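Overview (structure and organization)
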Amino acid sequence: MILTIDHAIASDELAFMLDKLSQASFIDGQLTAGWHAKQVKHNTQLERNSKLAQELQKIVTTSLLKHPLLSAAVQPKFIHSLLFSRYEIGMSYGNHIDNALMGGSQFWRSDVSFTLFLSPPECYGGGELAIECADGERSYKLQAGSLLIYPSSFLHRVETVTEGVRLVAVGWIQSLVRDPAKREILFDIDTVKRSLFVKAGKSIEFDLLAKTHANLLRKWAD
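Overview of the structure. Note that the coordinates shown come from a computational prediction; the quantities given were computed from them, not determined experimentally. (Residues numbered from 1 in each chain as written. Predicted model: local features only at pLDDT ≥ 70, side-chain atom pairs only at ≥ 80, totals over all residues. Heavy atoms only, no water.)

As a further point, take the pattern of salt bridges. Counted according to the given criterion, the structure contains ten salt bridges. Measuring nitrogen to oxygen at the nearest pair gives 3.0 Å for the salt bridge that ties Glu 159 to Arg 157. Its relative accessible area of 26% is what places Glu 159 among the partly exposed residues. Through salt bridges with shared partners, one network takes in Arg 109, Asp 111, Arg 178 and Asp 222. (Salt bridge = Lys/Arg side-chain N within 4 Å of Asp/Glu carboxyl O. Buried < 20%, exposed > 50% of the residue type's maximum accessible area, 1.4 Å probe, protein only.)

Written as structure tokens, this is what we have:
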């Protein structure tokens, strides 16, 4: 399931991050790429273990973990390996698949990938995120502060930036439910459950859906 979330972070937090990133030093993005991805990764990124990176990572992680739509769709266990990436004119990231395991000595699965768009789309040319799906290719260039989440099992790329600067935060989520089909079932049930509650309040039907959702999560979570 691919999902977009508008206003995933508060506008003041977005402005703070953009101000800090405008003054920051970036390093070669190939330093965190897998051996095959190094051949097609051409960008720069904030040094992951720097004081600024850790400060910005906390802002993003806190905002995402409290977002109800992301929680319902992804069932996050850990948000990990956050990077702040910068693409200048001529930079791109060719077709690649995200590593299945990340974190060095402490391994986390990459079940779900996300891109938090930081630069307004009118501030750069090109730079679309293209994702290869079973029914064809889809391209995304979202408003600043918007989030795109998608299964880490999909091939994807960042098109060449032709003008301006593209700033994004990218990261990965280990879900409580590793099977994307099961996550989608849980999301659909939760969506119907919430809609039913809005229309009719707490009812027998609501209780049965809540029971089903909880029991499936209990059965599938690891």
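Further notes follow.
Take the sheet that holds strand S3 (residues 41-42) next. The strands making up a sheet associate through hydrogen bonds between their backbones, and the pairing can be parallel or antiparallel. Ordered in space as S3-S6-S14-S11-S12, the five strands form an open sheet in which the pairing is antiparallel. Because the sheet does not close on itself, it has two edges, and the strands there are S3 and strand S12 (136-140). Sheet analysis places strand S11 (residues 129-133) next to strand S14 (residues 156-158), joined by three bridges and oriented antiparallel. By the bridge assignment, Ile 131 is partnered in S14 with His 156. (Pairing = 2+ DSSP bridges. Helix = DSSP H or I, 4+ residues; strand = E, 2+ residues; numbered from the N terminus.)

All right, on to helix H4 (residues 180-200) then. For H4, spanning 21 residues, the distance from its first C-alpha to its last is 30 Å, which sits close to the expected 30 Å at 1.5 Å a residue. Of all the positions in H4, only Arg 183, Leu 186, Phe 187, Ile 189, Asp 190 and Lys 193 are classed as buried. Buried positions in H4, seen along its axis, are confined to an arc of 170 degrees and lie on one side of it. For H4, the exposed residues set more than 90 degrees away from the buried face come down to Lys 199 and Ala 200. (Expected span 1.5 Å × (residues − 1). Arc of directions from axis to C-beta.)

What follows concerns the nonpolar core. Counting residues in hydrophobic clusters, the biggest one holds 32 residues, and the most contacted among them are Met 17, Phe 84, Leu 116, Leu 118, Leu 147 and Ile 149. Breaking this core down by element, the ones donating at least two residues are strand S1 (3-5), helix H1 (11-22), helix H2 (51-65), helix H3 (68-74), strand S5 (76-87), strand S9 (112-117), strand S13 (147-151) and strand S16 (166-175). Looking at which element gives the most residues to this core, the answer is H2, with six residues. Sequence-distant contacts of Ile 149, defined by excluding residues within four places in its chain, comprise Met 1, Ile 2, Leu 3, Leu 70, Ala 73, Val 74, Val 112, Ser 113 and Phe 114. Judged by nonpolar contacts, the second largest core, of 22 residues, contains Ile 2, Phe 117, Tyr 140 and Leu 142. (Core = buried A, V, L, I, M, F, W, Y, C linked by side-chain atoms within 4.5 Å. Contact = heavy atoms within 4.5 Å.)

Below, the discussion takes up the pairing of strand S6 (residues 92-96). Counted residue by residue, S6 has four buried out of five residues, so it is predominantly covered. Sheet topology note: the S3/S6 ladder contains two bridges and is antiparallel. Residue pairing across strands places His 42 opposite Ser 92, the latter belonging to S6. Relative to S14, S6 is paired through two bridges, and the arrangement is antiparallel. Across the sheet, the residue bridging to His 96 is His 156, located in S14.

If you trace the seven strands from one edge of the open sheet to the other, you get S1-S13-S9-S16-S5-S4-S2, paired in antiparallel fashion. Looking at strand neighbours, the two that pair on one side only are S1 and strand S2 (26-28), the edges of this open sheet. Across this sheet, the average inter-strand angle for adjacent strands is 30 degrees, counted without regard to direction. Bridging between S1 and S13 involves three bridges; their strand directions are antiparallel. Across the sheet, Leu 3 pairs through a bridge with Ile 149, a residue of S13. (Axes fitted to C-alpha atoms, helices over the stretch in contact; angles between N-to-C directions.)

Let's shift gears to the packing of H4 against helix H5 (residues 204-220). Two numbers describe how H4 lies on H5: the axes approach to 9 Å, and their chain directions differ by 160 degrees. Relative to H5, the element H4 is oriented roughly antiparallel. In terms of crossing hand, the pair formed by H4 and H5 is left-handed. Residues Lys 182, Ile 185, Leu 186, Ile 189, Asp 190, Val 192, Lys 193, Leu 196 and Phe 197 of H4 lie in contact with H5, whose contacting residues are Glu 205, Phe 206, Leu 209, Ala 210, Thr 212, His 213, Leu 216, Leu 217 and Trp 220. In terms of residue class, the contact of H4 with H5 is built from twelve nonpolar, two polar and four charged. (Parallel < 35°, antiparallel > 145°, perpendicular 65-115°, else oblique. Left-handed = near helix turned anticlockwise from the far one by under 90°. Nonpolar A, V, L, I, M, F, W, Y, C, P; charged D, E, K, R; others polar.)

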